[in-house]
Amino acid sequence: MKRLLQILLFITAALSMAGTAGAQAAGTLKMPAYKKTRLKNGMTLLLMERHSVPLIGFQVIVRAGSAGDPEHKEGAAFMAASLLRKGTKTRNAEQFAAELDFIGGTFSSFANADSSEIAAEFVAKDAAKGLDLLSEALLHPAFPQDEFNKLLKQRIDGLKAAKDQAQGVIGAYYNAYLFGRHPYARPTTGDENSLAAITRDDAQKFYQAYYTPANTILAVAGDFSTADMEKMVAQKFEGWAARPAPAISVPEPAPVTGKRLLLIDKPDSTQTYFRIGNIGITRTNPDRLYIEVVNTLFGGRFTSMINSELRIKSGLTYGASSFFDRRKVRGPFAIATFTKNATTIQAIDKTLEVLRSLHEKSVTAEDLQSAKNYILGQFPPTVETSQQLAGLMAELEFYGLDDREINDMTAKINAMTLADAKRIIQQYYPQENLVFVLIGKASEIGDAVKKYASKMEVRSINDPGFGSYAASEGPYH
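### Thoughts on the pairing of strand β4 (residues 106–111)
Two faces belong to every sheet, and in a regular strand the side chains alternate between them.
Here is step 1: Across the two faces of β4 the burial differs, with Phe-107, Ser-109 and Ala-111 buried and Thr-106, Ser-108 and Phe-110 not buried at all.
Here is step 2: As paired strands, β4 and strand β5 (residues 116–123) are joined by 6 bridges and run antiparallel to one another. Each bridged residue has a counterpart across the sheet, and for Phe-107 the counterpart in β5 is Ala-120.
Here is step 3: If you look at the hairpin formed by β4 and β5, you'll find 4 residues sitting between the two strands.

Laid out in structure tokens, this is it:
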């Protein structure tokens, strides 16, 4: 514990200094140089040598996520990723955890819609041991039945708790209703129906199908010699036999036309949680930086239009925001907040009023400059640590981007005009075509919310699942 505390204090001091330097250098932000290579088996390796702090960050991205889950087995990708450290061919879960703790390392694995990922970090002097643990988890997971059973029970219990709190599941209901039969409608961590059907073999089959060298990116950043790290990685991973992975079809989703509303009835609810939006943008949308600037003003910071009107001025909520979840193909756009039952209509009306005002008044030159300064000030501290840089390298590679994403950011943001902002608002912020998803007490709000959509559905939160992903009506047919 003492050793770990010393490390943490050292890191905190180093990052504080780095943060100051990053803020000062915001106007000349540049992606540090790194080497890209490909192992003989097809695995992509990215190496960024930096010696400011004695830490090494690792980021693994496997090009397969919940969009590749078998039908009615939603959660297979999540279970496969979560089980990687829960037992390997040479270590059980306890041994793996003990060895990780002994060297003060971190290791997390998860799945999202498009990918499965591992993030790990180790002190530089323990790089060989850390790489041994990482490679063991990635190449030789055992998927022990008892660990699968524990994880499955945790997920089922967690789902019950989330539905009881509502805020933990509003996103799953929103995506299911927005995307209909599209793969993005599927809940990444599963639902009551799929978790009842999923088996340990389903998780293992997902791993065997998609965890292949050519499907994998490994990014490493930190205190090491590039030549030495490349040699170490090759020794650990070149024995991983190359094999093809099946293609995952993720079609471009079509936006919803008109207005549709889904009310999830939670009879004991004293608050209404809601999301309003439509299909958004891809990670590589050419307007992504301009959209980020506008969204910073609209719903991306504490002083945003949405939060100012709904929280600061009216006190209708403790927080309101908007976001674009950028994915391989177009992900969701949503305005998200919550309020008391009695103020549900007032809060929704106010939300739509702010959206209407955005279209009618656009933004001022002062607003635009404020958002530019905010982004350029907030971004550098997010790409300073070894782990952050490893994650950034892997992300850029995954989406087919390069260092121009960082190197050109400042110039592109500073070049944005009021005419650009107006175009972004008109093009990417829907006003007439909207999806509404609410979780609340239907007996109190049901009749009143009918006015928002020509089509309204009511379901019970006690019904299993979030939607019929294979058969529901939706924008993807």
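### A short note on the sheet that holds strand β2 (residues 44–49)
Here is step 1: Read across the open sheet, the 6 strands follow the order β1-β2-β6-β3-β5-β4; overall the sheet is mixed. The open sheet terminates on both sides in strands that have one partner only, identified here as β1 (35–38) and β4. Strand-to-strand twist in this sheet, taken as the mean axis angle between neighbours without regard to direction, amounts to 15 degrees.

### Points about the pattern of salt bridges
Pairs may arise between side chains of opposite charge once their charged atoms sit close together.
Here is step 1: According to the stated counting rule, one finds 28 salt bridges in the structure shown.
Here is step 2: Measuring nitrogen to oxygen at the nearest pair gives 2.9 Å for the salt bridge that ties Asp-325 to Arg-327.
Here is step 3: Residue classification places Asp-325 among the partly exposed residues on the basis of a relative accessible area of 28%.
Here is step 4: For Arg-327, a relative accessible area of 10% puts it in the buried group.
Here is step 5: Close ionic contact of Arg-459 with Glu-457 constitutes a salt bridge, the shortest N to O distance being 3.2 Å.
Here is step 6: A residue is classified by how much of its surface remains accessible, and Glu-457, at 22% relative accessible area, is partly exposed.

### Points about the nonpolar core
Here is step 1: In this structure, Phe-58, Tyr-211, Leu-218, Val-220, Met-229 and Phe-237 are the most contacted members of the largest nonpolar core, which totals 80 residues.
Here is step 2: The residues touching Leu-218, leaving out its near neighbours within four places in the chain, are Met-43, Thr-44, Leu-45, Leu-46, Phe-58, Gln-59, Val-60, Leu-134, Val-233 and Phe-237.
Here is step 3: Counting 66 residues, the second-largest nonpolar core is a separate cluster that includes Leu-261, Val-293, Ile-306 and Phe-324.

### Concerning unusual backbone geometry
Here is step 1: The backbone of His-72 sits at a positive phi, close to 70 degrees, despite the residue not being glycine.
Here is step 2: Judged by relative accessible area, which is 51%, His-72 ranks as exposed.
Here is step 3: The phi dihedral of Ser-362 falls on the positive side, at around 55 degrees, and the residue is not glycine.
Here is step 4: By relative accessible area, which is 17% here, Ser-362 ends up buried.

### Thoughts on the environment of Gly-190
Here is step 1: Counting through the fold element by element, Gly-190 comes out in the loop between α6 (170–179) and α7 (192–197).
Here is step 2: Sequence separation between Gly-190 and Leu-152 is 38 residues; the distance between their C-alpha atoms is 10.0 Å.
Here is step 3: Sequence-distant contacts of Gly-190, that is, excluding residues within four places in its chain, are made with Glu-74, Gly-75, Arg-155, Leu-195 and Phe-466.

### Observations regarding the domain arrangement of the protein
Here is step 1: Here the protein is described as being made up of domain 1 (32–237) and domain 2 (259–453).
Here is step 2: If you average the C-alpha positions of domain 1 and of domain 2, the two centres end up 28 Å apart.
Here is step 3: Taken together, the contact between domain 1 and domain 2 spans 41 residues of the former and 37 residues of the latter.
Here is step 4: For the domain 1 and domain 2 pair, buried surface summed over both sides reaches about 3,200 Å², with 69% attributable to carbon and sulfur atoms.
Here is step 5: For the domain 1 face of the interface with domain 2, the top three residues by lost area are Ile-170, Tyr-174 and Tyr-177, together amounting to 26%.
Here is step 6: At the surface where domain 1 touches domain 2, the tally comes to 1 salt bridge.
Here is step 7: Across the salt bridge formed by Glu-397 and Lys-36, the nearest N and O atoms sit 3.0 Å from each other.

The rules behind the values
Residues numbered from 1 in each chain as written. Predicted model: local features only at pLDDT ≥ 70, side-chain atom pairs only at ≥ 80, totals over all residues. Heavy atoms only, no water. Buried < 20%, exposed > 50% of the residue type's maximum accessible area, 1.4 Å probe, protein only. Helix = DSSP H or I, 4+ residues; strand = E, 2+ residues; numbered from the N terminus. Pairing = 2+ DSSP bridges. Axes fitted to C-alpha atoms, helices over the stretch in contact; angles between N-to-C directions. Salt bridge = Lys/Arg side-chain N within 4 Å of Asp/Glu carboxyl O. Core = buried A, V, L, I, M, F, W, Y, C linked by side-chain atoms within 4.5 Å. Contact = heavy atoms within 4.5 Å. Domains from an automatic or database assignment. Buried area = accessible area lost by both parts, 1.4 Å probe.

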